[in-house]
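# Structural overview
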Amino acid sequence: MALTDEQPAAPRPDSAPRGHGLRLDRWDPDAEAQVEAWLRARSDPEFRRWNTPLTVVTDPAGARDVLRRQAADETCEPFRITDAESGTTLGHVGINMIDRTFRTARVGYWVLPEARGRRVATHALALAADRAFAELGLHRLELGHALGHDASCRIARTCGFAYEGTLRGAMFEAGRKDAFRDVHLHARLATDPGTALGA
């Protein structure tokens, strides 16, 4: 089969990835608490320092619209990071820009302020990567973060995403779409050794 041939979309299994006290669930745009958590994350100063979302969300209607569009987009798998026991929202991890021809994708994540410092992002990224390789059949996952975001750099390396270089001007500056900043590129292959994360 030629590389340009269209690959059939892989089914989205219903079983939620879980481990390390976390569960990755689908976002529900009709759940008020989940919409509120999404909005709160997007207004958090630390989130805004490192991210410039393409779609500015300022109210519940906008958040619901984004969540609905993500759920319908077959090139991404967005997950709400939750506490496995209580179901409390802790953050978000997404398998994005899925290219089924080349079997690649980009991963990204954020964690709510009250969940930071508990390795939530690290464990959620590991769960999402395992799903991408084992269930979606992907071969390469890329992770990019703004230069200077040391916490994200550590998370990437801990989860087996090797540093591959610096991409010049590959991300918007914080809060701007008319200026750019450099990005650290990390990647992990399905053939790379797995991670050995503690509980």
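That block above? That's the structure.
A brief report on the enclosed structure follows. (Residues numbered from 1 in each chain as written. Predicted model: local features only at pLDDT ≥ 70, side-chain atom pairs only at ≥ 80, totals over all residues. Heavy atoms only, no water.)

Let's shift gears to the environment of Val-66. Along the polypeptide, Val-66 turns up in helix α3 (residues 60-72). Classification of Val-66 by relative accessible area gives buried; the value is 9%. Spatially, the C-alpha atom of Val-66 lies 29 Å from that of Arg-168, the residues being 102 residues apart in sequence. Beyond its immediate chain neighbours, meaning those up to four positions away, Val-66 contacts Trp-38, Thr-55 and Val-57. (Helix = DSSP H or I, 4+ residues; strand = E, 2+ residues; numbered from the N terminus. Buried < 20%, exposed > 50% of the residue type's maximum accessible area, 1.4 Å probe, protein only. Contact = heavy atoms within 4.5 Å.)

Glancing now at helix α4 (residues 120-134). Taking 1.5 Å as the rise per residue, α4 with 15 residues should run 21 Å; its terminal C-alpha atoms sit 21 Å apart, in good agreement. Across the 15 residues of α4, 13 count as buried, placing the element largely inside the fold. (Expected span 1.5 Å × (residues − 1).)

Another point: the pairing of strand β8 (residues 180-189). Side chains on a regular strand alternate between the two faces of the sheet. Taking burial as the measure, the 10 residues of β8 include 7 buried ones, the bulk of the element. Where strand β6 (residues 140-146) and β8 come together, 7 bridges link them in antiparallel fashion. Bridge assignment links Ala-146 to a residue of β8, and that residue is Val-183. By the bridge criterion, 7 bridges tie strand β7 (residues 162-172) to β8 in an arrangement that is antiparallel. Within β8, the position partnered with Leu-167 by the bridge is Val-183. (Pairing = 2+ DSSP bridges.)

Let's shift gears to the state of the cysteines. Using the criterion set out here, one finds 0 disulfides in the structure. Cysteine Cys-159 shares no disulfide, and the gap to the nearest cysteine sulfur, in Cys-153, comes to 12 Å. For Cys-159, a relative accessible area of 0% translates into the label buried. (Disulfide = S-S within 2.5 Å.)

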